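Notes for the structure review
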Amino acid sequence: VRLPDRSGLDLLEDLRQEPRTRTLPVLLVTALADVQTKARAQKLGVREVVLKPFTREALLSAVTRAREPKE
């Protein structure tokens, strides 16, 4: 969410403008996810928000779910 020059969600917003990246499944990995951040992420098509710290199993499960076709 917090990058040196801009937010990760701002970056994702720009990426969603490109046809090649418009439909890529995205996970948001952050330690800082409030309700507003999660809502914005959902609007941008983020499949899942993974909160730090996370276990290896939790991350792998999130990746597996993100790769499944969206309903």
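Described below are features of the structure shown in this document. (Residues numbered from 1 in each chain as written. Predicted model: local features only at pLDDT ≥ 70, side-chain atom pairs only at ≥ 80, totals over all residues. Heavy atoms only, no water.)

Let us look at the nonpolar core. Core analysis: the biggest nonpolar cluster contains seven residues, these being Leu-9, Leu-12, Val-26, Leu-28, Ala-41, Leu-44 and Val-46. Put simply, the parts of the chain that give this core at least two residues each are α1 (8–15) and β1 (26–30). The residues touching Val-46, leaving out its near neighbours within four places in the chain, are Leu-12, Val-26, Leu-27, Leu-28 and Ala-41. (Core = buried A, V, L, I, M, F, W, Y, C linked by side-chain atoms within 4.5 Å. Buried < 20%, exposed > 50% of the residue type's maximum accessible area, 1.4 Å probe, protein only. Helix = DSSP H or I, 4+ residues; strand = E, 2+ residues; numbered from the N terminus. Contact = heavy atoms within 4.5 Å.)

Of the two faces of β1, the one holding Val-26, Leu-28 and Thr-30 is buried and the one holding Leu-27 and Val-29 is not buried anywhere. Sheet topology note: the β1/strand β2 (residues 46–51) ladder contains five bridges and is parallel. Bridge pairing links Thr-30 to Leu-51 in β2. In the classification by handedness, the crossover that spans β1, the intervening helix α2 (residues 35–43) and the parallel β2 is right-handed. (Pairing = 2+ DSSP bridges. Right-handed = clockwise from strand over helix to strand, strands pointing away.)

Once their charged atoms are close, side chains differing in charge can pair, the charge on each being opposite to the other. Under the definition given, this model contains four salt bridges. In this structure, Glu-13 and Arg-40 form a salt bridge, with 3.5 Å as the shortest nitrogen-oxygen distance. Pair noted here: Glu-13 is in helix α1 and Arg-40 is in helix α2, with a separation of 27 residues, a long-range link. The partner of Glu-48 in a salt bridge is Arg-65, and the shortest N-O contact between them spans 2.5 Å. Of the two residues, Glu-48 sits in strand β2 while Arg-65 sits in helix α3 (residues 56–67), which places them 17 residues apart along the sequence. Using a relative accessible area of 41% as the deciding quantity, one classes Arg-65 as partly exposed. Put simply, Asp-10, Glu-13 and Arg-40 are held in one network by salt bridges that share partners. (Salt bridge = Lys/Arg side-chain N within 4 Å of Asp/Glu carboxyl O.)

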